[in-house]
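What the coordinates show
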Amino acid sequence: MSNERQDARRRFLRAAGRMARSIPVTWAVIALVLAASIVRISMHPGRVRGGIDAFVSTGFDAVFVQHDWLSTITSVFFVWNPVVLVFAVLALLLGMGWAERRMGHLRTAISFVVVTVVGIVLGLLFQAAGVVVDLYSAEITRTHRTVDPIIGVVGVVMAASAFTGPLVKRRVRIVGFAAILVFVLYSGQPSDVYRLFAALVGLLLGMAMARTRIVVRRPRATRRESRTLLAALVAVTALGPLVTIASPTGNGVLNPLGLLFRDPLRDYAAIAAHCQTTDYTKHCVNALALSRLDGPGAVLLTLLPLVALLVSAWGIQRGRRVALWLAVWINVALALLAAIYFGFFPLLSSSTYTAFQTAAAEDYRPFEIVSALVPLAIAALLVASLRLFPDQIGRGSALRFLGIVVGLFVSTSAVYLAIAYTVRDQFTPRASLGDLLLDLPERFVPVGFLSFEPADIFPTGPVAVIASQWVGPVFWVSAIVAAVVAMRRVSPLGSVSDASRARELLVAGSGGTLSWMTTWSGNHYWFAPDGGAVAYRVVNNVAITTGDPLGRPGGHPATAHAFSTFCTDHGWTPAFYSVTVELRDELVAAGWSSMRVAEETVVHPAAWSLEGKKMQDIRTSINRAVKEGVRAEWGPYSQLGAFVTAQIREISELWVAEKDLPEMGFTLGSTDELIDPEVRLMVAIGADNRVEGVTSWLPTFENGVVVGWTLDFMRRRPDSMNGLMEFLIAQTILRARDEQVGFVSLSGAPLAMSAADGMTGSAAEPGSEEPTAGILSFLSRTLEPVYGFQSLLRFKMKFRPEFHELYLCYRDPLNLPNIGLALARAYLPTLSARQALRTFSTRE
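Now for a look at the structure at hand. Since we're looking at a predicted model, the values are computed, not measured. (Residues numbered from 1 in each chain as written. Predicted model: local features only at pLDDT ≥ 70, side-chain atom pairs only at ≥ 80, totals over all residues. Heavy atoms only, no water.)

Our focus in this paragraph is the packing of helix α2 (residues 24-42) against helix α6 (residues 82-103). Orientation of α2 relative to α6, taken along the N-to-C sense of each, is 170 degrees, at an axis distance of 9 Å. By the angle between their axes, α2 is roughly antiparallel relative to α6. For the pair formed by α2 and α6, the contact residues are P24, V25, T26, W27, V29, I30, V33, L34, S37, I38 and I41 on the first element and P82, L85, V89, L92, L93, M96, G97 and E100 on the second. Here the contact of α2 with α6 is built from residues that sort into 15 nonpolar, 3 polar and 1 charged. (Axes fitted to C-alpha atoms, helices over the stretch in contact; angles between N-to-C directions. Helix = DSSP H or I, 4+ residues; strand = E, 2+ residues; numbered from the N terminus. Parallel < 35°, antiparallel > 145°, perpendicular 65-115°, else oblique. Contact = heavy atoms within 4.5 Å. Nonpolar A, V, L, I, M, F, W, Y, C, P; charged D, E, K, R; others polar.)

What follows is the structure in structure tokens.
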């Protein structure tokens, strides 16, 4: 055991040594920063130390008045504070070291110098523009002197992002710029502005060094990645007021909003003595602001809305609509309260207070306008992103959560009013019920927003003080707990049993080759009295099913007819999508119409062989994989490890980024569906442990035993070896043969099928027996250049599969256009109207 620990220690030390040797430029910069800062910090305050400070620090007057241009580079090698020095060294080691391992030594050294000098100069020019237009914040900071090694770090990191894959690149840039902008907007110190411009220079420099063509277009990302970035944005902006709390003297545009979350604390009794008359002087106004922050309850009331935003960010990343609406409500409330505080609604506050506030903040009026508009803009962005969230946790959960929050507000308010009225003598002046009702909303609002709001009653007794301070925190904590509980619920309309019952039917053997797709997010379930079930989703008042009903095969027609009646009762148009020929024949005999929409390709492993000329491509792919050291690993997502799963997500982002249209859904799985513990992944891993490609396989059960696997997710790196997908699928079939699995389905390519002569054609193509299929044929032709369904079908034919026709069944041919549009929306749930118009108009 000791030998194993020693071996592990040696491997770790060797890896650490290799990593340390790979970043010599980073170590050189760290050495310079340490030497310069330690020498300066060790000096006693005096003329020599002051002279050094003036020589090495940079700023507006230092450069443009004293012409100290050298300070634009020397300022990034000094730190005044030992604690800040520790953080600076860590930032250099982690940030610049990460960049150097991706860009190389020479690019890193060039980038550090360029982003530092050019970034600071551009920041100074921006400050000069503020001075020219007499901007108050620019005037008061022109004499400030700055030393900050982080300026070079952020620029180098942004430059290195051009040398990473799309997943890391997008996250570094979006999260990085969001964090930088938070400091610029909430703090607004010159160093914050220099960092912003250094990051912009680094971004452009990195693209130039990587020879990346600048393309102005909306970046493509999976729904999961888009939600992750949106969550990061909400979290970063929620932390913005904390920047102001830490730096209250900042001059950022949003500094007024951040200051609303900060104020010192004092006692109530002294305040009441100053404010018993109606003469609300400036001193009294300040005293009122101080009084509301007396005690830990008031401090919690200030911070808990920010905590709620962080909780909502967590839920947004998990795809919970409750979290999205919570963030929307909080941001709208912050915008409204800020607008009232800054006097934009004079009718809601007394003219005395509005006049005082306006006079006191005349120089900051543009900042105050932005401070009120930014939360509103974030709320609008969140609402516009609603389509990124599955309808499974939809409007029902959000409305229920809203009802819970309203109930919490009413109950906590009732308890507070009852206690406060009972001890009304502990208020100065003595409180009436009307006074308590008027004062009630203020007990739930962060106290900084009330600094200029006149107060008519003050709690002075112990019970009154405790009740006044803690009713708000109790409400916010309860609301946060309710939000966390709501976000953890994942079943449609709150029904956990429906999804569990459907899964039990599948494991018992009630489903077909495509039935495991019914467990995916977005499906609702209807259960027949005889034990059958139908998974469906409602789009444009069309109830679209996924495959045949669940249950015994002989009962499928009866279940389908009963479900049709259920849909009619709810005003929906039933559409049975991707059903087998057996169910189609039964429905057509009952007067329904149908059309072919796909052909499923099925392989029987026991009879499958790699022999023969037609299997030459498959054999070549396997041999090439062996020669290049690529191995196939089989297992559930949870057992692959973080190193492998992170690469799988990166490969998926690469694939989506190449498409002109967003990621598809419905019967086409994404990374969200890989997490299911019953799903298996076949992963291709190279000799250097790099993930080259991945396929996912959905199970088909019979009496609790897997009898078949159905192909779903297919992704590969753009630079992976030719034939990688053939290798992974062949390995899956061979494994299924060894495990005596009955079939391997390569699934069906939507809107694509083979013709009788072996050639391929569009789904329901004109001239076939389905004359009403024009809209789906149009969809097939339109989406083919983007998603390649016909190419996918031709690829699957390499494995010599059987073809099983899949159909769309509908009652009334007049409903077919609406059904076609509903299918398009189901497959492309995040497609915007602009994207649809551009795509369909350019591919006719």
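This next bit is on the pattern of salt bridges. With the rule as written, the count across this model stands at 14 salt bridges. Residue D192 is joined to R195 by a salt bridge in which the shortest nitrogen-to-oxygen separation is 3.3 Å. Highlighted residues: D192 and R195, both in helix α11 (residues 190-209), separated by 3 residues, approximately one helical turn. With respect to burial, D192 and R195 carry one shared label: buried. Note that E726 is salt-bridged to K798, the shortest N-O span being 2.7 Å. Highlighted residues: E726 in helix α29 (residues 724-738) and K798 in the loop between α31 (789-796) and β15 (802-810), separated in sequence by 72 residues. (Salt bridge = Lys/Arg side-chain N within 4 Å of Asp/Glu carboxyl O. Buried < 20%, exposed > 50% of the residue type's maximum accessible area, 1.4 Å probe, protein only.)

This part is about a nonpolar patch on the surface. Side chains of W329, L399, L402, V406, F409 and V410 sit close together on the surface and give an oily, nonpolar patch of about 510 Å² of accessible area. Here the element with the most residues in the nonpolar patch is helix α21 (residues 395-422); it accounts for 5 residues. Along the chain, V410 falls in helix α21. (Patch = residues over 30% accessible without salt bridge, like charges linked within 9 Å, V, L, I, M, F, W, Y side chains within 5 Å. Areas by Shrake-Rupley, 256 points an atom, 1.4 Å probe, with all protein chains shown as cover.)

Now for the pairing of β15. In this structure, strand β6 (residues 573-579) lies alongside β15, joined through 4 bridges in antiparallel fashion. Among the inter-strand pairings, A575 is bridged to a residue of β15, identified as Y810. Alignment of strand β7 (residues 593-603) against β15, held across 9 bridges, turns out to be antiparallel. Bridging across to β15, A598 finds its partner in L806. (Pairing = 2+ DSSP bridges.)

Side chains of R11, R14, R18 and R21 sit close together on the surface and give a patch of like positive charge. The topology assignment puts R18 in helix α1 (residues 2-21). (Lys, Arg positive; Asp, Glu negative; His and termini not counted. Charge placed at Lys NZ, Arg CZ, Asp CG, Glu CD.)

Interpretation in functional terms is not warranted from these geometric data alone.
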